[in-house]
Amino acid sequence: MAIQVYNTLTRKKEPFVPRDPGHVSIYVCGITPYDQSHLGHAVPSIIWDAIRRFLEFKGYKVRLVQNFTDIDDKIIARAQATGEDVFEISQRYAQEYLDAMDALGVKRADLYPRVSQEIPAITAMVQELIKKGHAYVVDGDVYFDVTSFPEYGKLSGQQLEELEAGVRLSVDERKRHPMDFALWKAAKPGEPAWDSPWGKGRPGWHIECSAMSLKYLGNGFDFHGGGVDLVFPHHENEIAQSESYTGEPPFARCWLHNGLLQVKDEKMSKSLGNFTPLAGLLDKYPAGVIRLYVLSSHYRSPLQYSEEKLEEARRGWERLMDTVANLKYLLSSWEKAGSPGADRPSLEEIESPAVRQLAEEVESSRSKFIAAMEDDFNTAGATAALFELARSINAFQGQTANLTDRERQQCLPVLREAAAVFQQLGGGILGLIEDKSSPSGAEQLTEALLELLVEVRQRARDKKDWATADYIRSELGKLGVKLEDSPLGTRWKL
RNA sequence: GGCGGCAUAGCCAAGUGGUAAGGCGGAGGUCUGCAAAACCUCUAUUCCCCAGUUCGAAUCUGGGUGCCGCCUCCA
């Protein structure tokens, strides 16, 4: 089944056909680092991370580029207010953003170009646009002439005439058309500026993404993404200037826009002052919880933010993590017991109905998951499939006690496969399940000590010394370690 | 005023013509020294409202209503 994607440009779902077979090129509009990153910024990052991981899972070689707008009015304003250097500010907040993405388990983009480092590409593009008659110079400013691009409005469905009627701000009299936008802004005193054929100045907002995406991904790259709030004017303008520049549409093949994070029915944004900084949130919630919260709805839907929603996500996430722990426990105890690690038998070869059912359910959850992701990256449907798989695995575990030796023999490879699939879907693609493959020395010691305490407590329990057993459990509880007794033995979790 | 989107249980949320996934919460049960976890059963005769198309609509069409985003910096 081919991947289907909803394209903002055509307003319908269409089959995804990459520009270059086997390769996917993606440009995601990044942030303007002038203040703390908030949860709203994490939304597209998490979504694109899942999309990217899924495409890689499907065998594509993915190239993902995300920019930093490290020079703009807001950063300059901030610098003037604090007396700090413009680039120190943008550098610091860009780093904070990257740290937060790392903490969220978002794989790094292949490239994070910064406007300030791309001035030559930008001025070259502006020059070409002037040469082709798509832009004009006024007092050191350069404007794009929207009437020179007949298709202006094709992304957002806007008509130039209507836009003109709806202009809310006083229009700069020097512009030929009210919707003309700045490609280059003449420098004001005290602002960072670069030399250009039109005098000292700096790039306008929209031109950077065109220049950088064309430079690093080439014309006609596969996906251009960002929040829906960027459709107009930002992405509309990108299309206008890029396609005017190259003369070879499309600039980007498919436009994906994610819904916005809302707080009390208003979007979360820095300007509204209702944002939840990522840094603090990551102290309170594991990355997997935040990711599950974001990925359990479709990327195009708006997402309501509240602590309760995150708490709900936490409980669901804990169930997934418990399933991982269950699997690990079961596998290691069986492996210790010396069950031979045979090849995975075919479905027909499996005698035990319980084992066969598990094998079937693993396969069906896996295909449901993949089908959901192929259908416009429906992570909500995919997480549903993951939860179904968790239930299958946990339910199977409850039946393991009455399996015969021979059934266990067949079961081990099936169970290993279940674990691998669960890890691949929930961990590898959605990034919900952390894979602690190499615990640190301190962690290993902690584990060993906990195992010891659990063993001591078990001896007390064997003697029906409930007082000692309960004492150990409750004291560990105070330290944040939860003990759970099961027919398979006692498990602990932090 | 223009453009775009959304409306599914107590809450969150999939589902684009064939008879309502999944999560959280709630009720009951199994297991268990207790606790917890896990599992099982139940929890929307119905998808904002009205009309229409159809053998059949949450899904398509028309008309309402409500909410959100954009038209100014924004992920």
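These numbers come from a predicted model, not from an experiment. (Residues numbered from 1 in each chain as written. Chains lettered and ligands numbered in written order. Predicted model: local features only at pLDDT ≥ 70, side-chain atom pairs only at ≥ 80, totals over all residues. Heavy atoms only, no water.)

**Quick word on the overall build of chain A**
The cut-off we apply is this: Secondary structure elements follow DSSP: runs of H or I of four or more residues count as helices, runs of E of two or more count as strands, with numbering from the N terminus. Exposed residues in this analysis have more than 50% of their type's maximum accessible area, buried residues have under 20%, and partly exposed residues fall in between, with area computed by a 1.4 Å probe over protein chains only. Whether two residues are in contact is decided by their heavy atoms, any of which lying within 4.5 Å being enough. Accessibility throughout is a Shrake-Rupley quantity obtained with a 1.4 Å probe, and a residue counts as covered only by protein chains that appear here. Working convention for charge: Lys and Arg count positive, Asp and Glu count negative, and His plus the chain ends are omitted. Taken as the charge centre is NZ of Lys, CZ of Arg, CG of Asp or CD of Glu, depending on the residue.
For chain A, the helix and strand inventory stands at 15 helices and 15 strands. Expressed as lengths along the three principal axes of its C-alpha atoms, the size of chain A is roughly 90 × 55 × 35 Å. In chain A, which comprises 494 residues, the proportion classed as buried is 50%. Put simply, of all contacts in chain A between residues at least 6 apart along the chain, 76% involve residues at least 24 apart. If you sum the accessible surface of chain A, you get close to 22700 Å²; carbon and sulfur atoms cover 51% of it. Averaging the positions of the 59 positive and the 72 negative side-chain charges in chain A gives two centres separated by 3 Å.

**Notes on the packing of helix H1 (residues 39-57) against helix H9 (residues 287-295)**
Applicable threshold: With axes taken as lines fitted to C-alpha atoms, and helix axes fitted only over the stretch in contact, angles between N-to-C directions fall between 0 and 180 degrees. Working rule for angles: under 35 degrees goes down as roughly parallel, over 145 as roughly antiparallel, 65 to 115 as roughly perpendicular, anything else as oblique.
At a minimum axis separation of 10 Å, H1 and H9 run at an interaxial angle of 85°. By the angle between their axes, H1 is roughly perpendicular relative to H9. The residues of H9 that touch H1, namely those facing Leu 39, Val 43, Ile 46, Ile 47, Asp 49, Ala 50 and Arg 53, are Ile 290, Arg 291, Tyr 293, Val 294 and Leu 295.

**Examining the packing of aromatic side chains**
Each pair of aromatic rings is reported with the distance of its centres and the angle of its planes. This is how the line gets drawn: Aromatic pairing here means that ring centres of Phe, Tyr or Trp (its six-membered ring) are within 6.5 Å. Orientation follows from the plane angle: under 30 degrees is stacked, over 60 is edge-to-face, and everything else is tilted. Any Lys NZ or Arg CZ that is within 6 Å of a ring centre and within 35 degrees of that ring's normal is treated as a charge sitting over the ring.
Per the counting criterion, the structure on display carries 15 aromatic pairs. Cation over ring: Arg 300 sits above Tyr 6, and NZ or CZ is 4.0 Å from the ring centre.

**Observations concerning the side chain of Asn 274**
Short version of the rule: The definition of a polar contact used here is a pair of N or O atoms within 3.5 Å, where within protein one atom must be able to donate a hydrogen and the other to accept one, and adjacent residues in sequence count solely through side-chain atom pairs.
Tracing the sequence through the fold places Asn 274 in the loop between strand E12 (266-267) and helix H8 (278-284). When its relative accessible area of 17% is taken as the criterion, Asn 274 is described as buried. For Asn 274, the side chain forms a polar contact with the main-chain nitrogen of Ser 269, separated by 3.0 Å. Setting aside residues no more than four positions away along its own chain, Asn 274 makes contact with Val 263, Glu 266, Lys 267, Met 268 and Ser 269.

**Quick notes on the domain arrangement of chain A**
As a reminder, the rule being used: Start and end points for every domain follow an automatic or database-based domain assignment.
Each domain of chain A was delimited in the assignment, giving domain 1 (4-284), domain 2 (327-429) and domain 3 (441-493). Computed over C-alpha atoms only, the centres of domain 1 and domain 3 are separated by 53 Å.

**With respect to the nonpolar core**
The cut-off we apply is this: What makes a nonpolar core is a set of buried Ala, Val, Leu, Ile, Met, Phe, Trp, Tyr and Cys residues whose side-chain atoms join them at distances within 4.5 Å.
Membership of the largest hydrophobic core comes to 91 residues, with the highest contact counts inside it found for Leu 39, Leu 104, Phe 223, Phe 377 and Phe 422. Summarising the domain contributions, this core has at least three residues from each of domain 1 (4-284) and domain 2 (327-429). When neighbours within four sequence positions are excluded, Leu 39 is seen to be in contact with Leu 261, Met 268, Thr 276, Leu 278, Leu 281, Ile 290, Tyr 293 and Tyr 305. With 46 residues, the next largest nonpolar core counts Phe 181, Ala 211, Ile 239 and Phe 251 among its residues.

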